[in-house]
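Close look at the chain arrangement
Listed here are the chains, written in short residue letters.
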Amino acid sequence: LANLGDIVQKIRSKNAGPFWLTVDIFCGTADAYDHVIAKLPSAAVAKAFGMNTQDIKRFDIADLHVVKFSLPLTLTCTAPLGRHCWPNCRSKRDII
Amino acid sequence: MIEFDNDGFTVIPLADGAHATPPTVSAHMLYENSDPFILHEPGGHLDVTKAIYAAIDDTRVRVTGSKWVPSDRYTVKLEGARPAGFQCVLMCLLRDAHYVKNAQIWADDILCKCRSKVITRLGLAPEEFEIELRLMGQNASFGTLETHAAHPHEIGVLAIVTAKSNALAMEIGQFLNPYLLHHPLTQAEEQPTFAFPFSPAEISRGQSYEFCLNHVLTLDDPMSAFRLEQIEIG
């Protein structure tokens, strides 16, 4: 299984307003674009980000050899993260 | 420079050696937009589903087929931010292999112990302050979404304290300082010492802000929500 970053020309990500993260996959060539279309189902992308397929947007732009995914941000941009990531004080994990 | 006419527009770069190409021009609709074909603007939306980007020569691009679709109502976007407390940041570095391997356990333990101490000593409620420890080199970008098991030889620990005043954020930072410097993974081991890049370690970041308002205003007159002031300067 190849890494997406090894097949395509460039991948970039950016917030799109405060509620969305967008990922542009510039495939570079028609062959790479066809390969990505064939091998990268939306469900796999959704799963990697812990989301449902219906929550994400996908645009296949053949003219540009670009596949674009937009994902809702689980936290609004600029939101303080602290209260979402406090650890469970009772959890016991083994020290390596 | 962009030249407009009734059928479309032409993008002409002005800098020496610069060149526009169909990919560079069309990629503009990808950037920072969650939908690359529909762009909502006051009074309607731009639809580039059928836009054609064609190179005139090595530097210029001609675009036709983009369509402006007026809306029934004239709307403008209203966004706002509000103060979200003051922040103090600290940094330290873990370089001991035992601590690098167990960095998350170490950080979680510090958060529990330091939070308890701040609540007890300063009489604060748990929701009155926040402490984050981000492990740079391990998962600071993606958090729980990180899928790579990192094997770094060192980890940067970025600590972020948020509280209602600058003085309180700095005071909580001072409570955190000795943990970042000396906290042992277990009581059985000798007290470790970690590297601090700055002294004093607590750095005031001042007031922070968070996004709080996302609204669409409907206006009868496009300028009714705005005021223009004209100043004569000679």
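The structure we're discussing is the one just above.
Residues numbered from 1 in each chain as written. Chains lettered and ligands numbered in written order. Predicted model: local features only at pLDDT ≥ 70, side-chain atom pairs only at ≥ 80, totals over all residues. Heavy atoms only, no water.

1. A few points about the layout of surface pockets
All names here are of chain B. Quantified by volume, the second largest pocket comes out at close to 700 Å³. Taken together, 28 residues form the lining of the second largest pocket, with Ile38, Leu39, His40, Glu41 and Lys77 sitting closest to its centre. Breaking the lining of the second largest pocket down by element, the ones donating at least two residues are β3 (38-41), β4 (44-47), β7 (67-70), β8 (74-94) and β11 (203-219). The residue makeup of the lining of the second largest pocket, split by class, is eleven nonpolar, ten polar and seven charged. (1 Å grid on protein atoms, 1.4 Å probe; cavity = no way out; pocket = protein on both sides within 12 Å on 5 of 7 lines; lining within 4 Å. Points joined across faces, edges and corners; volume = space filled by probe spheres on them. Helix = DSSP H or I, 4+ residues; strand = E, 2+ residues; numbered from the N terminus. Nonpolar A, V, L, I, M, F, W, Y, C, P; charged D, E, K, R; others polar.)

2. Side note on the environment of Ala159(B)
Residues and elements named next belong to chain B. Within the secondary structure, Ala159 sits in strand β10 (residues 155-163). Here Ala159 falls in the buried class, since its relative accessible area comes to 0%. Taking C-alpha positions, Ala159 is 12 Å from Gln174, a pair spaced 15 residues apart along the chain. Excluding its chain neighbours within four sequence positions, the residues that come into contact with Ala159 are Cys88, Val89, Leu90, Glu132, Leu133, Leu176 and Leu180. (Buried < 20%, exposed > 50% of the residue type's maximum accessible area, 1.4 Å probe, protein only. Contact = heavy atoms within 4.5 Å.)

3. Considerations on the nonpolar core
Where a protein is soluble and globular, its nonpolar side chains tend to be buried together. One finds Trp106(B), Leu133(B), Val157(B), Ile172(B), Leu176(B) and Leu180(B) to be the most contacted residues of the largest nonpolar core, which totals 34 residues. Considering every element that reaches this core, the biggest residue donor is helix α3 (residues 103-122) of chain B, with eight residues. (Core = buried A, V, L, I, M, F, W, Y, C linked by side-chain atoms within 4.5 Å.)

4. Observations regarding the environment of Pro70(B)
Residue and element names in this part refer to chain B. Mapped onto the fold, Pro70 is located in strand β7. Take Pro70: its relative accessible area is 59%, and that puts it in the exposed class. A C-alpha to C-alpha distance of 4.1 Å links Pro70 and Gly44, two positions 26 residues apart in sequence. For Pro70, the contacting residues outside a window of four places in its chain are Gly43 and Gly44.

5. Describing the sheet that holds strand β9 (residues 129-136) of chain B
Residues and elements named next belong to chain B. As summarised here, the arrangement of the four strands in space is β9-β10-β8-β11, forming an open sheet in which the pairing is antiparallel. A single partner strand is all that each edge strand has here, and the edge strands are β9 and β11. Across the sheet, the axes of successive neighbouring strands diverge by a mean angle of 30°, strand direction being ignored. In terms of strand pairing, β9 meets β10 through eight bridges, oriented antiparallel. Bridge assignment links Glu130 to a residue of β10, and that residue is Thr162. Contacts between α3 and the sheet are confined to β8, β9 and β10, with β9 contributing the most and set at about 165° to the helix. Helix α4 (residues 166-182) rests against β8, β9, β10 and β11 of the sheet, and its axis sits at about 35° to β8. (Pairing = 2+ DSSP bridges. Axes fitted to C-alpha atoms, helices over the stretch in contact; angles between N-to-C directions.)

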